[in-house]
Amino acid sequence: MPFCFDCGAEVSGPPDHTCKRCGRQHWLNPRLCAGVLAMSGRKVLLARRAIAPWRGCWDVPGGHVENGELPEAAARREFTEETGHCADHLAWLGACRQPTNDSRYGDAVILYYIARLDHDALRWPDQFRPTPEVSALSWFDLGSLPKALAFPEHLVGFLDVMSGLEPHVCPR
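So, here is what we can say about the structure in this document. The structure presented is a predicted model; accordingly, all values stated were derived computationally and were not measured. (Residues numbered from 1 in each chain as written. Predicted model: local features only at pLDDT ≥ 70, side-chain atom pairs only at ≥ 80, totals over all residues. Heavy atoms only, no water.)

**Considering the pattern of salt bridges**
One pass over the structure, following the stated rule, counts 9 salt bridges. In this structure, Arg77 and Glu66 form a salt bridge, with 3.9 Å as the shortest nitrogen-oxygen distance. Taken together, the positions of Arg77 in helix α1 (residues 71–83) and Glu66 in the loop between β6 (62–64) and α1 put the pair 11 residues apart, joining distant regions of the chain. For Arg77, a relative accessible area of 22% translates into the label partly exposed. For Glu66, a relative accessible area of 45% puts it in the partly exposed group. Across the pair Arg77 and Glu69 runs a salt bridge, and its minimum N-O distance is 2.8 Å. In this structure, a network of salt bridges that share partners links the residues Glu66, Glu69, Arg77, Glu78 and Glu81. (Salt bridge = Lys/Arg side-chain N within 4 Å of Asp/Glu carboxyl O. Helix = DSSP H or I, 4+ residues; strand = E, 2+ residues; numbered from the N terminus. Buried < 20%, exposed > 50% of the residue type's maximum accessible area, 1.4 Å probe, protein only.)

**Things to note about the packing of aromatic side chains**
For any two aromatic rings, the description comes down to two numbers: the centre-to-centre distance and the angle of the planes. Scanning the model with the defined rule gives 5 aromatic pairs in all. Between Trp54 and Phe151 the ring centres are 5.8 Å apart and the planes differ by 55°, which places this aromatic pair in the tilted class. In this pair, Trp54 sits in the loop between β4 (43–49) and β5 (58–59) while Phe151 sits in the loop between β9 (134–141) and α3 (152–163), placing the two residues 97 residues apart along the sequence. For Phe151, a relative accessible area of 13% gives the class buried. (Phe/Tyr/Trp six-rings, centres within 6.5 Å; stacked < 30°, edge-to-face > 60°.)

Laid out in structure tokens, this is it:
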């Protein structure tokens, strides 16, 4: 955060500091994100990122929670924006922190949901049209995930959890 939100004075130093000109306190809080692990049997739907960070890597559909938006609603909205399809029945899976090296922003907290999709969804990648954020969709077996995963520090862990569950354990 290079400038004060109130008076526009340049601010420097670590986050969580006070503007020397007007006295406003600035806090570097985490950004809230939501993602959907869409499952069909033992397969997970992943999206190839068309934007930084992790351009060209595979990730679950998801993105930022808007101000005033519930995280589950954000997960549904982002899923639709990135896949062109709806994820109607979501269940909470877990959360994690994604550190950032960009001093303008706080870390991200990512809330993961799971969606159990029917076998018709397996045709989605054939019907997909690239978007500004996603260049491709593909289904991957939980036992043979792509090497180029975005945010592998936590995504791999959630996918490992999913591979240990029987298909009927996940919500429908």
